[in-house]
Amino acid sequence: MSKTTADSPAETPRADPAGDDQDLGAAGSQLSTAPVETAMPGSFGGNRASGLTGWLAWTGREVLGWARWFWRQLTSMRVALMLLFLLSLGAVPGSLIPQSGTDALKVSEFQDAHKTLGPIYQKLGLFHVFSSAWFGAIYVMLFVSLVGCIIPRTWQFVGQLRGRPPGAPIRLNRLPAYATWRTAAEPEQVREVALATLKKRRFRAHIAGDAVAAEKGYLRETGNLLFHLALIVMLIAFAWGQLFKSEGDKLIVEGDGFSNTLTQYDDFKSGNLFSDDDLVPFSFNLKNFVGTYERTGPNRGTPSTFQADITYSLGAYGKAEKHTIKVNEPLEIGDSKVYLVSHGYAPVVTVRDGKGNVVLHQAVPMLPIDSNITSQGAIKVLDGYKNSQGVAEQLGFAALFVPTYAKGSGTMFSQYPGLDYPVLNVTGYHGDLGVNSGIPQNVYQLDTKNLKQFKTAKGAILKSQLLPGETMTLPNGAGSITFDKQIKEWAGFQVVQQPGTTWALTGALTAIVGLAGSLFIQRRRVWVRATTGADGITVVEMAGLGRSESAKLPEELGDLAALVHDRAPTKTDGGSAKSGTGSPTPGTGSTKSDQGSAKTDESPTKTDGRSTKSGTGSAKSDQGSAKTDESPTKTDGRSTTSETGSTKSETGSATSADGSPKPGTGPTKTDADLTSDDDPKTPTSDADTHDSDSGVEPPVPAEGAEK
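Residues numbered from 1 in each chain as written. Predicted model: local features only at pLDDT ≥ 70, side-chain atom pairs only at ≥ 80, totals over all residues. Heavy atoms only, no water.

*Asks:* Outline the overall build of the chain, supporting the account with residue identities and numerical values.
*Replies:* If you tally the helices and strands in the chain, you get ten helices and 26 strands. Taking all contacts inside the chain whose residues are at least 6 apart in sequence as the whole, residues at least 24 apart take part in 64%. Carbon and sulfur atoms make up 55% of the accessible area of the chain, which totals about 38000 Å². (Helix = DSSP H or I, 4+ residues; strand = E, 2+ residues; numbered from the N terminus. Contact = heavy atoms within 4.5 Å. Areas by Shrake-Rupley, 256 points an atom, 1.4 Å probe, with all protein chains shown as cover.)

Structure follows, in structure tokens:
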């Protein structure tokens with residue numbers, strides 16, 4: 001069997017590309033479903049006829065041609081990639097610049113700090129990137145591009161699946177991978193063997209004329225279409241989720257509860273198409289929060305347990321059920337998910353007026369400012385307080401809380417997040433807190449614009465570090481504040497309602513699978529042609545063609561050729577050795593063995609592996625050895641040449657009846673390419689050189705003539 005190789009210019013002459021296309025025909029087409037551009041701008045209208053009618057017809061063709069060209073560009077792969085890149089690039093400002101939908105306060109601070117960039121960003125919509133007109137335009141164009149790309153390619157691919165692989169091209173030796181050999185099997189038998197072999201290798205194969213056509217690798221295009229379809233699903237899911245999403249935060253102290261209504265949220269934001277009726281009706285109470293931390297080692301202070309024990313109910317009259325919410329283990333109620341996102345401490349304080357009346361008794365949440373839960377907050381007394389003169393005022397205390405105070409350090413920074421040595425630092429104010437002005441303010445900070453600090457008799461600012469159970473007395477009989485021994489904990493929850501997340505995840509996983517299929521699966525075609533040659537021997541040709549050049553295609557073709565060759569093996573050329581008189585009979589200077597034949601001339605030439613040329617006789621030998629009378633010489637397993645003109649093959653010898661060389665016979669050369677140039681008695685003449693394949697017998701000298 002011949003070797004299987006990738007064609008090179010040295011092995012196979014190349015014609016012009018147009019000739020290659022004509023040779024391949026349908027065989028090289030439809031390996032992809034990508035659209036082909038057929039016209040360029042400026043050539044749509046064609047020749048314009050005279051008159052108004054001609055101008056209108058030309059204008060219509062031009063407009064229609066431009067519309068088709070624009071549509072093909074929009075639905076092309078390169079434009080889709082450009083739009084995808086622009087979408088990713090447009091999302092960068094949304095991550096780096098404060099967004100009004102996420103944190104309006106930071107947007108206001110940014111505009112105050114950047115007097116020049118602020119107005120520019122506002123006009124460009126960079127403070128609300130994901131709801132801006134330009135981002136939406138890119139999003140919609142990408143969606144249209146993908147839809148316009150996938151629909152025609154899907155129909156085309158379905159047509160390819162319903163059809164059959166195209167027939168073999170005229171010249172198989174022009175293809176990248178090619179193999180050929182000659183066999184004694186009939187062409188029909190070879191084609192049946194090839195058909196069975198290819199189907200066993202999961203090729204779609206059928207017999208088309210004198211060849212078997214097969215194709216494999218349809219999953220490549222399936223993966224490509226699946227990838228595009230998954231992108232469309234992801235775009236729809238993301239858009240749906242952003243338009244109908246809701247997200248709210250709520251800080252709850254142990255013992256308190258929450259009802260899923262807008263007024264209950266500390267912070268709430270939603271999509272443009274979200275309405276209050278979309279909120280899932282449920283409520284829950286925080287019974288207990290458990291937070292533990294590593295005590296020793298390099299991870300000291302790292303949280304080891306964060307969990308909130310709650311009871312929840314669905315609807316106004318739902319049955320209360322217990323549940324534990326952990327980090328990344330939310331409570332799922334309908335379309336809503338309740339996540340545990342933060343944690344802190346809420347020291348319980350009691351504030352009394354000058355007469356000893358309790359005007360405030362509650363747990364005040366403190367917001368952490370570092371990993372050891374050093375926290376700050378504000379204690380506000382809004383109503384019910386009167387000073388020593390009986391005038392109604394409001395009290396405020398700036399508070400700093402540390403769960404583990406470092407003795408002797410003089411600084412209010414916690415050394416450990418656990419409650420090992422809690423200390424509360426308070427500074428008192430009185431006056432107007434500004435809560436009645438109608439301007440929203442942070443409940444965890446004091447607006448000291450209209451407040452006055454309490455001062456000691458010496459004029460120093462009144463502040464104190466309190467341990468649990470200690471009290472700070474306000475001057476001039478203004479009252480007192482007590483740090484109770486009870487310290488509660490609070491938990492921060494985030495209630496998220498975002499439809500389409502499951503579809504988005506499914507689309508992402510599908511896109512990965514489809515992309516892997518389109519990258520690692522090669523679509524290829526294989527043809528096996530079996531025809532009868534001029535000498536009656538069956539000639540087998542195998543060739544392969546892939547969508548892209550790959551070293552695996554010749555390897556695969558070699559494996560397939562080996563399987564077919566095992567059942568249709570190479571045939572060695574058969575023939576007969578002819579004597580000087582033209583008859584293959586003993587005693588005429590010719591030898592005949594079982595498998596091969598060779599014609600000899602006086603001028604030796606190279607052979608094709610099957611026949612050789614020699615001087616005055618012919619010898620047929622496949623595996624024997626020739627021995628001479630005087631100087632026997634072994635050759636390559638086929639024949640030898642001696643100076644006496646007698647030859648003895650493995651199956652017989654050309655001799656006379658008495659064992660001596662018969663007159664009229666000359667030395668015989670076989671297909672080992674031996675020459676008689678070293679024999680001075682054997683002249684060589686160009687006129688006596690004949691081609692063994694031409695069928696013309698060489699001249700035989702008269703008997704007794706000496707060479």
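Having seen it, we continue.
*Asks:* Any chance you could break down the packing of aromatic side chains for me, citing the residues and the numbers?
*Replies:* Going through the model one piece at a time under the given rule, you end up with 19 aromatic pairs. Seen in terms of ring centroids, phenylalanine 110 and phenylalanine 127 are 5.7 Å apart; in terms of plane orientation they differ by 70°. Their pairing is edge-to-face. With phenylalanine 110 in helix H4 (residues 104-113) and phenylalanine 127 in the loop between helix H5 (117-124) and helix H6 (133-162), this pair connects stretches of sequence that are 17 residues apart. A residue is classified by how much of its surface remains accessible, and phenylalanine 127, at 1% relative accessible area, is buried. Look at phenylalanine 284 and phenylalanine 493: their rings are 5.3 Å apart centre to centre, the planes differ by 70°, and that puts the pair in the edge-to-face class. Of the two residues, phenylalanine 284 sits in strand E8 (residues 282-293) while phenylalanine 493 sits in strand E21 (residues 479-497), which places them 209 residues apart along the sequence. (Phe/Tyr/Trp six-rings, centres within 6.5 Å; stacked < 30°, edge-to-face > 60°. Buried < 20%, exposed > 50% of the residue type's maximum accessible area, 1.4 Å probe, protein only.)

*Asks:* Describe the sheet that holds E8, with residues and values.
*Replies:* Judged by pairing direction, the sheet is antiparallel, and its four strands sit side by side in the order E6-E8-E9-E10 without closing on themselves. On the outer flanks of this sheet lie strand E6 (257-259) and strand E10 (321-326), each paired with one strand and no other. Shown here is a sheet whose adjacent strand axes are inclined to one another by a mean of 30°, direction ignored. Across six bridges, the pairing between strand E9 (residues 303-314) and E10 is antiparallel. Its bridge partner being in E10, glutamine 307 is matched across the sheet by lysine 326. (Pairing = 2+ DSSP bridges. Axes fitted to C-alpha atoms, helices over the stretch in contact; angles between N-to-C directions.)

*Asks:* Please give an account of the pairing of strand E13 (residues 358-363) that cites residues and values.
*Replies:* Pairing between strand E12 (residues 336-352) and E13: five bridges, direction antiparallel. Bridging from a neighbouring strand, valine 351 pairs with leucine 360 of E13. Remark: five residues form the turn of the hairpin made by E12 and E13, two consecutive strands paired antiparallel; glycine 356 in that turn has positive phi of roughly 90°.

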